[in-house]
Structures are given as C-alpha cells and as structure tokens.
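What follows is each chain in one-letter form.
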Amino acid sequence: TIKVGISGDKAKEINKLIKSDAPKGVQSQTQGDTVRISSKKRDHLQETMQLLKSADLGLPLQFNNFRD
C-alpha cells in the first residue's frame, strides 16, 4: 500500500534526530503529515538532508521546495 505523509511518531523521531545531530541553526517543525526544515545557510540544509538519508528511519524520504 502507498502511504502519504509521515506518522506522528516518525515525525517526532526525525525532529529529535535533527535537534541532536544537525548543524547549529537548523530548525524543524511538524506541519500536519510533513516535517519542515529551515536554516539560513544552504550548506546546513544539505548536511541535514544527508543526515536524514543516512539514518535508517524505515521510510522513503522526499525533499520538496529546496531553495536555490
């Protein structure tokens, strides 16, 4: 089956991972069934994306609205 969005438990796990291991200045917040990650520096966002890709979260990740 195809699932849309992230469950509340997985969103909390992602937020906790970002707060503990992501670069300083990266913020995350849960918005409904998505997790929004923001930072002033593009490099910090890319580092956070690599962190989430390398973590074994048990779900496929998709990154939208990446600023250029």
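Procedures and definitions
- Residues numbered from 1 in each chain as written.
- Predicted model: local features only at pLDDT ≥ 70, side-chain atom pairs only at ≥ 80, totals over all residues.
- Heavy atoms only, no water.
- Helix = DSSP H or I, 4+ residues; strand = E, 2+ residues; numbered from the N terminus.
- Rg over C-alpha atoms; globule rule 2.2 N^0.38 Å.
- Buried < 20%, exposed > 50% of the residue type's maximum accessible area, 1.4 Å probe, protein only.
- Contact = heavy atoms within 4.5 Å.
- Areas by Shrake-Rupley, 256 points an atom, 1.4 Å probe, with all protein chains shown as cover.
- Lys, Arg positive; Asp, Glu negative; His and termini not counted.
- Charge placed at Lys NZ, Arg CZ, Asp CG, Glu CD.
- Expected span 1.5 Å × (residues − 1).
- Arc of directions from axis to C-beta.

Caption draft 1: Main features of the overall build of the chain. Along the chain, the regular secondary structure elements total two helices and two strands. For the chain, the α and β elements follow one another from N to C terminus as α-β-β-α. Computed over C-alpha atoms, the radius of gyration of the chain comes to 12 Å, within 12% of the 11 Å expected from 2.2 N^0.38 for 68 residues, which places it in the range of a compact globule. For the chain, the spread of C-alpha atoms along the principal axes amounts to about 35 × 25 × 20 Å. Every one of the 68 residues in the chain was classed for burial, and the buried ones make up 24%. Looking at the chain alone, contacts between residues at least 24 apart form 40% of all its contacts between residues at least 6 apart. About 5,500 Å² of surface is accessible on the chain, with carbon and sulfur atoms providing 47% of the total. Across the chain, the 12 positively charged side chains and the 8 negatively charged ones have centroids separated by 6 Å.

Caption draft 2: Structural detail: the side chain of Asn15. Mapped onto the elements of the fold, Asn15 is located in helix H1 (residues 8-21). Setting aside residues up to four positions removed in sequence, Asn15 forms contacts with Ser28, Gln29, Thr30 and Val35.

Caption draft 3: Spotlight on helix H2 (residues 42-54). For H2, built from 13 residues, the straight-helix expectation of 18 Å at 1.5 Å per residue is met to within 8% by its first-to-last C-alpha distance of 19 Å. Among the residues making up H2, those that are buried are His44, Leu45, Thr48, Met49 and Leu52. All buried residues of H2 project into a common sector of 140° when viewed along the axis, lining one side. Facing away from the buried side of H2, by more than 90 degrees, are the exposed residues Asp43, Lys53 and Ser54. In this structure, the buried side of H2 is in contact with H1 and strand S2 (34-38).

Caption draft 4: Just the environment of Val35, in detail. Summarising the element assignment, Val35 is placed in strand S2. In the structure, Val35 is positioned 23 residues away from Lys12 in sequence and 9.2 Å away in space, judged by C-alpha atoms. In contact with Val35, other than residues within four places in its own chain, are Ile6, Ala11, Ile14, Asn15, Ser28, Gln29 and Thr30.

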